[in-house]
Amino acid sequence: YSVGDQKNPTYEEVGSGTTGHAESVEVYYDSTVVDYKTLLKVYFASEDPTQVNGQGPDIGTQYRSIIFYRNPSEKQLAEQYIADLNASGKYSTRIAVQVVPFKKFWPAEGYHQDYVQHNPSNPYVQHESIPRLRRTQQQIPELLKPERSLLKQ
């Protein structure tokens, strides 16, 4: 979880939509191997960047789309990527992704970690997570390592 001011938020608290936090993913990467623009490409391939305050059936500010930056270069790259997408005509509505400075990341509870792998039969995983992963794979096949993929093609 990130963005909100509440310390050590729980899933239930964040899910209430009252903490200011959004569900988030922390990504560690080696910029000599993967550059920030490639991370942006993966990010935008993995969601509907035009949906305001939600993703798919998950509605509320806790599900809003956010890109965090740690320096002015990352901020500029994210803003330019969004401007280029808006100008491309790929989407019929404007990009709703917020670009905000990174403050603090609070890891979710253990039962949320690797959720798809640990809960492959869960209805949400079957009807939302797996289709989203497949759509992402179709949009960026050149970036995938099949032997490391959560879902085989």
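Computed from a predicted model, the values in this text were never measured in an experiment.

Each value, and the rule that gives it
- Residues numbered from 1 in each chain as written.
- Predicted model: local features only at pLDDT ≥ 70, side-chain atom pairs only at ≥ 80, totals over all residues.
- Heavy atoms only, no water.
- Helix = DSSP H or I, 4+ residues; strand = E, 2+ residues; numbered from the N terminus.
- Buried < 20%, exposed > 50% of the residue type's maximum accessible area, 1.4 Å probe, protein only.
- Lys, Arg positive; Asp, Glu negative; His and termini not counted.
- Salt bridge = Lys/Arg side-chain N within 4 Å of Asp/Glu carboxyl O.

**Some details on the side chain of Glu74**
The topology assignment puts Glu74 in helix H3 (residues 72-88). Nearest to the buried, unbridged Glu74 among oppositely charged side chains is Arg70, at 5.6 Å.

**Description of the pattern of salt bridges**
Using the criterion set out here, one finds two salt bridges in the structure. A salt bridge links Asp5 to Lys103; the shortest N-O distance between them is 3.7 Å. Here Lys103 lies in the loop between strand E4 (98-101) and helix H4 (115-118) and Asp5 lies in the segment before helix H1 (11-15), a separation of 98 residues in the sequence. Under the relative-accessibility criterion, Lys103 is labelled exposed at 57%. With a closest N to O distance of 2.6 Å, Lys41 and Glu142 form a salt bridge. Taken together, the residues span a long stretch of sequence, with Lys41 in helix H2 (residues 36-45) and Glu142 in the segment after helix H5 (123-139) at a distance of 101 residues. A relative accessible area of 33% places Lys41 in the partly exposed class.

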